[in-house]
Amino acid sequence: MQIGSLSVGGGHPLVFIAGPCVIESAQHVVDAASAIRDIARRCGVPVIFKASYDKANRTSRTSFRGPGLDAGLKALADVRDRTGLPILTDIHEPSHAAPAAAVVDVLQIPAFLCRQTDLLVAAARTGKAVNVKKGPFLAPSDMRHAIDKVTAEGNQAVLVTERGVSFGYHDLVVDMRALPMLRELGYPVVFDVTHSLQLPGAGDGVTAGLAQYIEPLASAGVAAGVDAVFMEVHEEPSRAKSDASNALRLDRLEPLILKLTRIDAAAREGVTADASMRGVRS
């Protein structure tokens, strides 16, 4: 599918979706997007910038949620105009779909809202690409129903994101089988590495996380075969106003992208070799 000038899936290069969890300020989000754009250019990879204008799903009602719809979309429009990057943002209410679609390229359905029919339908009707995150309570095959809610509105631009499965108290785990299972549904698959390393609610009124495992988990996911990698990135995660414990430091993004592109190339070569061998044997 096309997202802005980028092609996702269908054998196209691995796409990176990166940015801070939430818009902390208009200037911060522009600075973050500019830095990520420059890294992507140096690495020669396609990138979609992500940031949320509102984080409605927070551990505590006192947690920072973002600037809200109007100010947040204004900030994202500024990012788009200054950097030229495609933009992704979350929506939490059906009424937000149309105004968000006027600014961004991808509407993201948060994992805990992936069964909300009205939200999925509203996003689909905008005609923009819809990234549906798999809830941590669902099996991969269950996502066919969420996909159907979007495509029934005539919108085939669907991405499906894996972000871990609930496993005991606070823990999320990623079953690598889920990635090829999701690909079997016929739509591009995104691996959300950083949210998969959350420890939901494990902090003192905040979500904790295990950012030290971003690199090995991302490497495993890309080796298993995905079309895009989603990572929350911040120049100083300890100061981040959301998801501080599971964000990737900005200065670690470039070497990780380079490593993941090498793994992706090796994984694609393996698939090509397997297909060739099957052809010989037949």
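Residues numbered from 1 in each chain as written. Predicted model: local features only at pLDDT ≥ 70, side-chain atom pairs only at ≥ 80, totals over all residues. Heavy atoms only, no water.

Asker: What is the right way to look at the overall build of the protein in this model?
Answerer: Counting secondary structure elements, the protein contains nine helices and 15 strands. Each principal axis of the C-alpha atoms in the protein carries an extent, and together these give about 60 × 45 × 40 Å. Looking at the protein residue by residue over its 282 residues, the buried ones come to 52%. Here the analysis covers contacts within the protein between residues at least 6 apart in sequence; of these, 69% occur between residues at least 24 apart. Accessible area of the protein: about 12,300 Å², with a carbon and sulfur share of 52%. (Helix = DSSP H or I, 4+ residues; strand = E, 2+ residues; numbered from the N terminus. Buried < 20%, exposed > 50% of the residue type's maximum accessible area, 1.4 Å probe, protein only. Contact = heavy atoms within 4.5 Å. Areas by Shrake-Rupley, 256 points an atom, 1.4 Å probe, with all protein chains shown as cover.)

Asker: I'm lost on the side chain of His234 in this one. Help?
Answerer: Along the polypeptide, His234 turns up in strand E14 (residues 228-234). Take His234: its relative accessible area is 4%, and that puts it in the buried class. Separated by 3.0 Å, the side chain of His234 and the backbone nitrogen of Glu236 make a polar contact. Setting aside residues no more than four positions away along its own chain, His234 makes contact with Glu24, His28, Arg239, Ala240, Ala247, Leu248, Arg249 and Leu250. (Polar contact = N/O pair within 3.5 Å; in protein donor to acceptor, adjacent residues only side chain to side chain.)

Asker: Whenever I open this one, helix H1 (residues 26-43) confuses me. Can you help?
Answerer: Along an α-helix, a turn takes 3.6 residues, which lines up residues three or four apart on a common side. Between the first and last C-alpha of H1 there are 26 Å, a value that for 18 residues agrees with the 26 Å anticipated at 1.5 Å per step. Gly44 sits one or two residues past H1 and shows a positive phi near 70°. (Expected span 1.5 Å × (residues − 1).)

Asker: What's the story with the packing of helix H4 (residues 117-125) against helix H5 (residues 143-151) in this structure? I'm lost.
Answerer: The geometry of a pair of packed helices is captured by two quantities: the angle between their axes and the separation between those axes. Their axes nearest at 8 Å, the elements H4 and H5 cross at an angle of 45°. For the element pair H4 / H5, the angle class is oblique. For the pair H4 and H5, the sense of crossing is right-handed. For the pair H4 and H5, contact is made by Thr117, Leu120, Val121 and Ala124 and by Ala146, Lys149 and Val150, respectively. When its residues are assigned to classes, the contact of H4 with H5 shows five nonpolar, one polar and one charged. (Axes fitted to C-alpha atoms, helices over the stretch in contact; angles between N-to-C directions. Parallel < 35°, antiparallel > 145°, perpendicular 65-115°, else oblique. Left-handed = near helix turned anticlockwise from the far one by under 90°. Nonpolar A, V, L, I, M, F, W, Y, C, P; charged D, E, K, R; others polar.)

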